[in-house]
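Structural overview
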Amino acid sequence: MLHVLAQGGNITPLKNIKGRIHALELYNRDGWRLPIIDLHLFKKLQRKKAIASQDSQPYRITRRGLELVRSEFDNR
């Protein structure tokens, strides 16, 4: 999942009435929605400071997250 974020994707949280995150949507840079994220993985990435949100925008990868991504052939 970090590879998708490193290539320009983002995570959009869906919140309930109380304002808590109850579901997540992961989009790649082309706008396609991918079903490979769950709340447990999202919290783990937040704890490692691999993703962050600024000014109430969707979550994007941080510089720390880029350090955690293992290089692959298809990364641009």
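The notes below deal with the structure included here. (Residues numbered from 1 in each chain as written. Predicted model: local features only at pLDDT ≥ 70, side-chain atom pairs only at ≥ 80, totals over all residues. Heavy atoms only, no water.)

Take N10: it is sitting in strand β1 (residues 10–15). When its relative accessible area of 18% is taken as the criterion, N10 is described as buried. Discounting chain neighbours no more than four positions away, the residues touching N10 are L5, E25, L26, Y27, P58, Y59 and R60. (Helix = DSSP H or I, 4+ residues; strand = E, 2+ residues; numbered from the N terminus. Buried < 20%, exposed > 50% of the residue type's maximum accessible area, 1.4 Å probe, protein only. Contact = heavy atoms within 4.5 Å.)

Take the side chain of E25 next. By the secondary structure assignment, E25 is in strand β2 (residues 21–27). Within the structure, the side chain of E25 is placed 2.5 Å from the side chain of Y27, a separation counted as a polar contact. Excluding residues that lie within four positions of it along the chain, E25 makes contacts with N10, I11, T12, L14 and R33. (Polar contact = N/O pair within 3.5 Å; in protein donor to acceptor, adjacent residues only side chain to side chain.)

So, about the sheet that holds β1. Spatially, the three strands line up as an open sheet ordered β1-β2-β3, and their pairing is antiparallel. Lying at the two open borders of the sheet, with one neighbouring strand each, are β1 and β3 (33–34). Here β2 runs beside β3; their pairing, made up of two bridges, is antiparallel. Across the sheet, Y27 pairs through a bridge with R33, a residue of β3. (Pairing = 2+ DSSP bridges.)

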